[in-house]
Each structure stands twice: as structure tokens, then as C-alpha cells.
Protein chains: 2
Amino acid sequence: MKCRVCRGPAVIDIRRHNSNFCVDHFLKLCRDQVAKAIKQFSMLEPGDRVLVAVSGGKDSLALWDLLVELGYRADGLYVGLGIDGYSDVSGEFVRRFVEERGQTLVEVDLRADEGFDVPTAAAVTRRVPCSACGLSKRHLFDRAAREGGYDAVATGHNLDDEAAVLFGNLLKWQTDYLGRQRPMLPARDGFPRKVKPLVRLTERETAAYCVLRGIDYQVEECPMAAGNKHLGFKETLNDLEVRSPGAKHDLYFGFLDRAVDRFTSAGDGSGDVELGACAECGAPTTGEVCAFCRLAARARDAEPVALGPPRRRR
Amino acid sequence: MKCRVCRGPAVIDIRRHNSNFCVDHFLKLCRDQVAKAIKQFSMLEPGDRVLVAVSGGKDSLALWDLLVELGYRADGLYVGLGIDGYSDVSGEFVRRFVEERGQTLVEVDLRADEGFDVPTAAAVTRRVPCSACGLSKRHLFDRAAREGGYDAVATGHNLDDEAAVLFGNLLKWQTDYLGRQRPMLPARDGFPRKVKPLVRLTERETAAYCVLRGIDYQVEECPMAAGNKHLGFKETLNDLEVRSPGAKHDLYFGFLDRAVDRFTSAGDGSGDVELGACAECGAPTTGEVCAFCRLAARARDAEPVALGPPRRRR
């Protein structure tokens, strides 16, 4: 197995590129694919200050490293979710990365700073845990970006993630979600720009990147996500990819090329609704109090729960 | 297991309806679902003369029987494809149905009437066998409908078929195919109306319908279709259906409800291209000679091949 570029010994094969790569050219491929995604979707300008949402997993740490390698001013943001036996370990991986590489980290701890945790928030909603968690993270990312004056929030969603989300939205034809599923969402109404520079890399590639760059990361999946539909869709897409290398890429980039605009209402959906400031926290919201503050109030009032499925559904 | 309607002993469970049915109420369900599809998509009017494309398989024979049960004037059309060891058996099932039920059958034999067969036609193209076969069948269905003065051609495509075709088109975002994937295509430019009244039934249900109605059918899949992508997509959708009953229905009907119009160009795509008459056969075509006559000429010139993969690719 020889590197496509230099014919030296290859360490990884990438079937959808029909190619093998040595260490150096694989790392270059990763940088090139991220640079290409950034350019293709106008994600970042050279001088931008980027806040990278890091979880301690392979994707977000690879993203942070890649953005620094590409010359961006990128700081990290870690949100402690209060998932016992998981969040503490995740945080350690992030802090080790920061120490070893001399980067700047912003930390928010849901329990210490907001008075609740994800297991308790999940228990007070009637939805899967990932729903309360995603809502909380998006709110805290937006706030940290606003307060820190960052130009964009970058998240580590890779091709597997985006293809699986797309797949789930297609199975139910969730046309509103389809119209918003883009790797760059411009800043609007007090929300920062959101970018996903890893959409041209798979999770196998971000894992290999971390290993080859000496980045230690949390390998475990979040225990609260176990068995969720998203992971099932990833398995289905992995089966399709084995039969047809490039299937995920074609599904996702074909959608962006030829379909997403058909699901976006006239204009870009902004300006459809008037946004005011949340009475509690000042964040932009359509209601009196934003969804995060409403969730936080209910979670603070509830009896804290240990990790596990919600005991009660209200 | 009790019938949802009469609480008598049930013979079949249908998970996407979350219900069980006895023989009589299952047969009624099938008739009702076909009547609903016909109405929902304006497929047929009460007095219409329908030409049912029958292959000898469960779907097309069930369709013919159901249309007769629902009071339509429905004749059958059988095209002998010349696939040795398969087509002769298929034809026998069709003729037995016709004799037992006193229906009217139109027969076309590709070898006797057109001088070639599907294995040879498949060998002269550079594509999968189903491509030459589908082209030939569509042409012969259209011609028979024109010559016989039928109002519509009905085919036995069921929910599994349509969901699998849709799935394949989505994986590659074949937007032109997506825009045309409707269960009713109106007559235009010399082409008859095309309808798929079984889209609300799965192949498990059409098989059960045949068994319960005493209809004997060809159980074998066509040997030339073995291993094709369409069958792989059906497997994938079956896996999804097991995890989420109703997944196929939601995928297909969600598409028709909320997406297909987004892929149809202004108007309905008719009138985009000028059609003339084929110099050989008079069928409507965009070229001098229609695709069927061009394929037939090449296949007649080629050495006939036995069943099997194309020996040569030109």
C-alpha cells in the first residue's frame, strides 16, 4: 500500500478517494479538505477570531488543531454538562490538549454556573436527552461567542454526522430542518455565524488525524446518546458506504449542490419572525423568556437525577 | 391475535398500521388502500379502460384482480422477455390467471414479434440488464395502450418498489428523476396515462393478497435482476422499517406531500422538448428514431446470448 502522492509507505486507505496516504500526506489531506470546506462555503476569513466548541472527543479536538494549523485565531470553549463519569473525563482531555499546545480555553460549567445538569434537564423534558443537551450547548456557545467578541462558532460535525442528520430529516421529510442544514449559517439577529469545517472528513479520518498528531481524546460515546436514532442512521449509512464508497459524500454534497435551496423559503428564513431580548438573560428569542432559561428554571426546580433515562415524564 | 375490525381470528399483522386483520378484512383493506390511492392521486375515473402490465408476479396479478374487484374494465398485457427458464414460467402464471378468471389478455413476445430478447439487448448496452428491459417494456406498454385505445397503463409497483427507487434517487440527488417520481403521470404527447395503484400496499401485503385470493404467481425474482442496487435499497429500507414501522410510508408519502413539487420544473416538464414521430415505428420521440427501435436494431444484429451477464461490452 503506497501513498498516492509520494509512493512512500501508506498508513491509511480512503476508499471514497480511491487512494492511500502516508502520514504526512494524510495530515496534508486533512488540512486541505478543511481549507476547501472553509473556502467552498465561505466559512471564515483569514483574520477571523473563531470559538471552537470542544467536547474532548476526536472531532472537536482535531478541528481546533486544524484551525490553528491553518493559521486561524482559534480559542476553545468547553461546556461541562454534568454527566457523571463522562463529563469529568471529557474535560480532562480538553485541558490536557490546552496545556500541551498552549491554547486559550473558555470554560462553562452547567452545574456551577447555571445550577443544573443535562441528566436533570433531560428528565424534566419529554424528549430524548440529546434534545435538552443540544439546546443548552447552542445557547451557551452563542452567549460565549457574543461575550468574547468572536466572529464565528466552529463545531466538529463531520461528514458522518451531517449525512446522518440529513438522512433522518429525509426519512421524515422535515422540510424546515432540511432548509437550514448548511455547513455555514451566517450571523443574524444577535446569533453568531456557525461553521462546520470538518464536513469533508469522516469520523474515521478525524480519529486517524488525532492519533497521528498525538492528540489524546475521549473515545467513549456519551452514555446518554446510546441507542439514539442518529447512531442507527450512521450504521445504515456505513452499510451503504461499504457497498458504494462515496455514498455519504454524494448524499450530503449532492443535497447541498442541488437540493437545499429548494427547501429554503424566500430569502434565508431570517426576518420571518421578530426577535426580542430574553427577559432573563437578554439572548435573542421569539418569546418573553428564551427556551434555555425556561429549561434551566424547570431543571433547577427539579430533584437532581443521576445518569439514566428520565424517571418521570411530565 | 384478533382482527381490528371484527375481533375474529386474525391472519396477518401489519405493523405500520399497528393492526391485525382476518381474511375478509385484510382483503377489504387491500381494496380500500387501492381505492384510496386511485382517488388520492386522480389515477382513474369509473368508466376508464385500463391496461394492466402483468409479469406473472404477485404485484401485477394482485393489481389486476383488485382493479376488476373495484369495477374497472381492466385487461392484461404480458410481454414475453425471452429470459430462458424464467419468461416461459412467468407467462404460464399469467395465462392460468386469465383462464381461471375469464379475463382478456394482450400478449407481445419480444423474440417472435420484435426479433430479439432481453439478454441479447442487455448485452449490447453498457448498462445493467434492467435498463434495456425497462426501456423495452415501457415502449411496448405505451404502444399497446395506444393501439388498444386504453385510457391508462397500470403497473404493479408497490410501496417497497417506490420507496426503494426514491431512496436510490435521493442518495445521488437525481433531481430530474425525483421531479418525475409520481404515482400518476398524465397522458401527454402520445404517451398514455401511467398509474401505480398499489403504492399504499407493501410487497408482503400483495403476496398475502394473492395467497388469500388463490392467485398462483411466479415467486422467483428475475435472474437478471439478482444483486442489483434496487434490491439492496429494499434491504436497507426493510432494516429501517423493522426499527421504525411506517418508515417506508413516511419516506414515500412525505416526499409526495412536501417535496416532489420542489423538484418539478415550472409546469410539469411537458412541452420542454418537441416530440416528433419515430421514423421506424411512429412512436413519439425526441430523435429521428426512438430509443427502443435503436436498441432493437442493435440487438437484432448481435449474436443472441443465453441468460447471464453480458459477455462483451462494446
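Residues numbered from 1 in each chain as written. Chains lettered and ligands numbered in written order. Predicted model: local features only at pLDDT ≥ 70, side-chain atom pairs only at ≥ 80, totals over all residues. Heavy atoms only, no water.

**Concerning the environment of glutamine 40 of chain B**
Residues and elements named next belong to chain B.
Here comes step 1: Mapped onto the elements of the fold, glutamine 40 is located in helix H1 (residues 23-40).
Here comes step 2: It is 10.0 Å that separates the C-alpha atoms of glutamine 40 and methionine 184, two residues lying 144 residues apart in sequence.
Here comes step 3: Look past the residues within four positions of glutamine 40 in its chain and what remains in contact with it is Arg200 and Phe253. (Helix = DSSP H or I, 4+ residues; strand = E, 2+ residues; numbered from the N terminus. Contact = heavy atoms within 4.5 Å.)

**A word on the sheet that holds strand S8 (residues 193-195) of chain B**
Residues and elements named next belong to chain B.
Here comes step 1: Strands sit in the order S5-S4-S3-S6-S8-S7 across an open sheet of 6 strands; the sheet is mixed. Only two strands of the sheet have a single neighbouring strand rather than two, namely strand S5 (105-109) and strand S7 (184-185).
Here comes step 2: Direction of pairing for strand S6 (residues 152-154) relative to S8: parallel, over a ladder of 3 bridges. By the bridge assignment, alanine 154 is partnered in S8 with valine 195.
Here comes step 3: Of the strands in this sheet, strand S3 (49-54), strand S4 (73-80), S5 and S6 touch helix H2 (residues 58-69), which is tilted by about 160 degrees from S3. (Pairing = 2+ DSSP bridges. Axes fitted to C-alpha atoms, helices over the stretch in contact; angles between N-to-C directions.)

**Things to note about a negative patch on the surface**
Here comes step 1: On the surface, a cluster of negative charge is contributed by Glu235 and Asp239 of chain A together with Glu235 and Asp239 of chain B.
Here comes step 2: Of all elements in the fold, only helix H10 (229-243) of chain A together with helix H10 (229-243) of chain B reach the threshold of two or more residues within the negative patch.
Here comes step 3: If you trace the backbone, glutamate 235 of chain B turns up in helix H10.
Here comes step 4: Of the residues examined, glutamate 235 of chain B reaches a relative accessible area of 47% and is grouped as partly exposed. (Patch = residues over 30% accessible without salt bridge, like charges linked within 9 Å, V, L, I, M, F, W, Y side chains within 5 Å. Areas by Shrake-Rupley, 256 points an atom, 1.4 Å probe, with all protein chains shown as cover. Salt bridge = Lys/Arg side-chain N within 4 Å of Asp/Glu carboxyl O. Lys, Arg positive; Asp, Glu negative; His and termini not counted. Charge placed at Lys NZ, Arg CZ, Asp CG, Glu CD. Buried < 20%, exposed > 50% of the residue type's maximum accessible area, 1.4 Å probe, protein only.)

**What about the interface of chain B and chain A?**
Accessible area lost during the coming together of the parts is what is often quoted as the interface size.
Here comes step 1: Contact with chain B, which involves 23 residues of that partner, is made by 23 residues of chain A.
Here comes step 2: For the chain B and chain A pair, buried surface summed over both sides reaches about 2,100 Å², with 59% attributable to carbon and sulfur atoms.
Here comes step 3: Inspection of the region where chain B meets chain A yields 2 salt bridges.
Here comes step 4: Taken together, chain B and chain A are joined by 13 residue pairs in polar contact (both at pLDDT 80 or more). (Buried area = accessible area lost by both parts, 1.4 Å probe. Polar contact = N/O pair within 3.5 Å; in protein donor to acceptor, adjacent residues only side chain to side chain.)

**Focus: the packing of aromatic side chains**
Here comes step 1: In this structure the tally under the stated criterion is 16 aromatic pairs over all chains.
Here comes step 2: Measuring from centroid to centroid gives 6.4 Å for phenylalanine 41 of chain A and phenylalanine 253 of chain A, while their planes differ by 25 degrees, and the two rings are stacked. Taken together, the residues span a long stretch of sequence, with phenylalanine 41 of chain A in the loop between helix H1 (23-40) and strand S3 (49-53) and phenylalanine 253 of chain A in helix H11 (residues 247-258) at a distance of 212 residues.
Here comes step 3: Measuring from ring centre to ring centre gives 5.7 Å for phenylalanine 167 of chain B and phenylalanine 233 of chain B, while their planes differ by 70 degrees; the resulting arrangement is edge-to-face. Separated by 66 residues along the polypeptide, phenylalanine 167 of chain B in helix H7 (residues 159-172) and phenylalanine 233 of chain B in helix H10 bring together distant segments of the chain. Taken as a pair, phenylalanine 167 of chain B and phenylalanine 233 of chain B share a single burial class, namely buried.
Here comes step 4: A connected cluster of aromatic rings, assembled from ring pairs, spans Trp173, Phe255 and Phe263 of chain A together with Trp173, Phe255 and Phe263 of chain B.
Here comes step 5: Positioned above the aromatic ring of phenylalanine 253 of chain A is the side chain of arginine 200 of chain A, whose terminal nitrogen or guanidinium carbon lies 5.1 Å from the ring centre. (Phe/Tyr/Trp six-rings, centres within 6.5 Å; stacked < 30°, edge-to-face > 60°. Lys NZ or Arg CZ within 6 Å of the ring centre and 35° of its normal.)

**Focus on the pairing of S4 of chain B**
Residues and elements named next belong to chain B.
Here comes step 1: Along S4, 7 of the 8 residues are buried, which leaves the element largely enclosed by surrounding structure.
Here comes step 2: Two strands pair when backbone bridges link them, and S3 and S4 are joined in this way by 6 bridges, in the parallel orientation. By the bridge assignment for S4, alanine 53 is matched with leucine 77.
Here comes step 3: In terms of handedness, the path from S3 via H2 over to S4 forms a crossover that is right-handed.
Here comes step 4: Chirality of the crossover, the property in question, places the unit of S4, helix H3 (residues 87-101) and S5 among those that are right-handed. (Right-handed = clockwise from strand over helix to strand, strands pointing away.)

**Let's talk about the relation of the copies chain B and chain A**
Here comes step 1: Note on the copies: chain B fits chain A at an RMSD of 0.0 Å, the axial shift is 0.0 Å, and the rotation between them is 180 degrees. Taken together, the rotation and translation describe the operation of a two-fold axis. Among all C-alpha atoms of chain B, that of arginine 262 of chain B lies closest to the rotation axis, at 3.0 Å. (Least-squares fit on C-alpha atoms with pLDDT ≥ 70 in both.)

**Details of the pairing of S3 of chain A**
Residues and elements named next belong to chain A.
Here comes step 1: Most of S3 sits inside the fold, with 4 of its 5 residues counted as buried.
Here comes step 2: Sheet topology note: the S3/strand S4 (residues 73-80) ladder contains 5 bridges and is parallel. The partner of leucine 51 across the bridge, within S4, is aspartate 75.
Here comes step 3: Summarising the sheet, S3 and strand S6 (residues 152-154) pair through 3 bridges and their orientation is parallel. From the neighbouring strand, leucine 51 faces S6, where its bridge partner is valine 153.

**Structural notes on the pattern of salt bridges**
Residues and elements named next belong to chain A.
Here comes step 1: Per the counting criterion, the structure on display carries 48 salt bridges over all chains.
Here comes step 2: We note a salt bridge from arginine 95 to glutamate 92, for which the minimum N-O separation is 3.0 Å. On the criterion of helical spacing, the pair formed by arginine 95 and glutamate 92 is a turn pair, its members being 3 residues apart in helix H3 (residues 87-101).
Here comes step 3: For arginine 95, a relative accessible area of 28% corresponds to the partly exposed category.
Here comes step 4: On the basis of relative accessibility, which here comes to 44%, the residue glutamate 92 falls in the partly exposed class.

**Some words on the packing of H2 of chain B against helix H9 (residues 203-212) of chain B**
Residue and element names in this part refer to chain B.
Here comes step 1: Running from N to C, H2 and H9 cross one another at 65 degrees; their axes reach a closest spacing of 9 Å. Compared by their axis directions, H2 and H9 come out roughly perpendicular. Like other packed secondary-structure pairs, H2 and H9 cross with a definite hand, here left-handed. Facing H2, whose interface residues are Lys58, Asp59, Ala62, Asp65, Leu66 and Glu69, H9 presents Glu203, Thr206, Ala207, Tyr209 and Cys210.
Here comes step 2: Grouping the constituent residues of the contact of H2 with H9 by class yields 5 nonpolar, 1 polar and 5 charged. (Parallel < 35°, antiparallel > 145°, perpendicular 65-115°, else oblique. Left-handed = near helix turned anticlockwise from the far one by under 90°. Nonpolar A, V, L, I, M, F, W, Y, C, P; charged D, E, K, R; others polar.)

**Some points on the side chain of aspartate 59 of chain A**
All names here are of chain A.
Here comes step 1: Among the structural elements, aspartate 59 can be located in helix H2 (residues 58-69).
Here comes step 2: In this structure aspartate 59 comes out as buried when scored by relative accessible area, which is 12%.
Here comes step 3: A distance of 2.9 Å separates polar atoms of two side chains, one belonging to aspartate 59 and the other to asparagine 158.

**Examining the nonpolar core**
Here comes step 1: Among the nonpolar cores identified, the biggest contains 124 residues, and Phe26 and Leu67 of chain A together with Phe26 and Leu67 of chain B are the most heavily contacted of them.
Here comes step 2: Apart from the residues lying within four places of it in its own chain, the contact partners of leucine 67 of chain A are Ile38, Leu44, Val50, Val52, Tyr72, Ala74, Ala154 and Pro197 of chain A. (Core = buried A, V, L, I, M, F, W, Y, C linked by side-chain atoms within 4.5 Å.)

**Structural notes on the sheet that holds S6 of chain A**
Backbone hydrogen bonds hold the strands of a sheet together, and the pairing may be parallel or antiparallel.
All names here are of chain A.
Here comes step 1: One open sheet holds the 6 strands; their spatial order is S5-S4-S3-S6-S8-S7, and the pairing between them is mixed. Strands with a single pairing partner mark the edges of an open sheet, and in this sheet they are strand S5 (105-109) and strand S7 (184-185).
Here comes step 2: Contacts from H3 reach S4 and S5 within the one sheet, and its direction differs from that of S4 by about 160 degrees.

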